[in-house]
Amino acid sequence: MGRPPELKPQGTERPGMPARLAEMVKMSDRYMVRGSSTFSPRRKAGVGDTGQAIWESIPISEIDHVEVVKGAGSSLYGSSALGGVIDVITKNNVDVNSTGVRLYCGFYQQPTYSQWRWSSHPRYFQGASISHSQPIGLGDFGVTASLSYKKDDGYIQNDSFRRLNLYVKTAGTVGRNQSLKVFGDVFNQYSGNFLYWQDIAHALQPSSSSLGQWVNSTRANLSGIYTHVLSDKFLYIVRGSYY
């Protein structure tokens, strides 16, 4: 294969990496709404002080629906909601017993350009999760627990990781038009460090200063949400979190 095409920097996903190239070499865990990609979560479970959103800290089975609001929404979601809002709404009450198991695996294909092929070995990714939900006999309260593990060898050199996550939630009605939701998770990640690339011929390899750098982090979160509907037009919500 020939030399990778010249790319003009037009914004970056990583320092020193043109946006077009970033899309070619790695799917980012960031999102963009109307050109705005600033991440300022209202619930920072799994984020900690790194600013990195770990979406799998919330089990897919727990998601009821996702709301996407384009444009400014500061009046409802706070001063950081300038470009838009992605609101992940989790389920409330548990009606029946249910158990789910999820397994997956795959591998990365070799890079398009031969100069970018930094390893001759296949790069794999795999994961497993198990979740269980059931009523607990206290009114309509139910409990949900999920344990997941994910391992990724990385398409980019020194960008592999291992993740282990435990998630527990209980929710139900505590009075007339009143509900309570309490949830928490413990998350551990061991990952490499890829800050920026070497050059155009080594786009999938980090600078020499980043090679061999690994980060082991553990994050925990406990949150509660109390909702009281006063009428068809008024309600108030009290939230609290400990990290």
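My aim in this report is to walk through the structure given alongside it, one point at a time. (Residues numbered from 1 in each chain as written. Predicted model: local features only at pLDDT ≥ 70, side-chain atom pairs only at ≥ 80, totals over all residues. Heavy atoms only, no water.)

**Regarding the environment of A81**
And then number 1: With respect to the secondary-structure elements, A81 resides in the loop between helix 2 (74-77) and strand 4 (84-90).
And then number 2: On the basis of relative accessibility, which here comes to 5%, the residue A81 falls in the buried class.
And then number 3: The spacing of A81 and K70 is 11 residues in sequence and 9.7 Å in space, taken between C-alpha atoms.
And then number 4: When neighbours within four sequence positions are excluded, A81 is seen to be in contact with A72, G73 and S74. (Helix = DSSP H or I, 4+ residues; strand = E, 2+ residues; numbered from the N terminus. Buried < 20%, exposed > 50% of the residue type's maximum accessible area, 1.4 Å probe, protein only. Contact = heavy atoms within 4.5 Å.)

**With respect to the pairing of strand 10 (residues 214-229)**
And then number 1: Where strand 9 (residues 178-192) meets strand 10, 15 bridges bridge the pair, whose relative direction is antiparallel. Across the sheet, V186 pairs through a bridge with A220, a residue of strand 10.
And then number 2: Sheet analysis places strand 10 next to strand 11 (residues 235-242), joined by eight bridges and oriented antiparallel. When the bridges of strand 11 are listed, T227 appears paired with I237.
And then number 3: Turn length for the strand 10-strand 11 hairpin, with the two strands adjacent in sequence and antiparallel, is five residues. (Pairing = 2+ DSSP bridges.)

**So, unusual backbone geometry**
Keep in mind that most residues, glycine aside, have a negative phi and that most peptide bonds are trans.
And then number 1: Of note, N158 is a non-glycine position whose phi angle comes to about 65 degrees, a positive value.
And then number 2: Looking at where N158 falls in the secondary structure, it is placed in the loop between strand 7 (142-152) and strand 8 (161-175).
And then number 3: Even without glycine at this site, N177 takes up a positive phi of about 60 degrees.
And then number 4: When you line up the elements, N177 lands in the loop between strand 8 and strand 9.

**Some points on the packing of aromatic side chains**
And then number 1: Going through the model one piece at a time under the given rule, you end up with five aromatic pairs.
And then number 2: Ring geometry for Y113 and W116: centres 5.0 Å apart, planes at 70 degrees, overall edge-to-face. Taken individually, Y113 and W116 each receive the classification buried, so the pair is uniform in this respect.
And then number 3: Aromatic pair Y190 and W214: ring centres 5.4 Å apart, planes at 5 degrees, arrangement stacked. Pair noted here: Y190 is in strand 9 and W214 is in strand 10, with a separation of 24 residues, a long-range link.
And then number 4: Assessed through its relative accessible area of 29%, Y190 is described here as partly exposed.
And then number 5: By relative accessible area, W214 is classed as partly exposed at 38%.
And then number 6: Here a set of aromatic residues connected by ring pairs shows up, and it is made of Y108, F125 and Y155.
And then number 7: Here the guanidinium or amino end of R163 rests over the ring plane of F161, the centre of that ring lying 4.1 Å away. (Phe/Tyr/Trp six-rings, centres within 6.5 Å; stacked < 30°, edge-to-face > 60°. Lys NZ or Arg CZ within 6 Å of the ring centre and 35° of its normal.)

Spatial relationships are all this shows, so hold off on functional conclusions.
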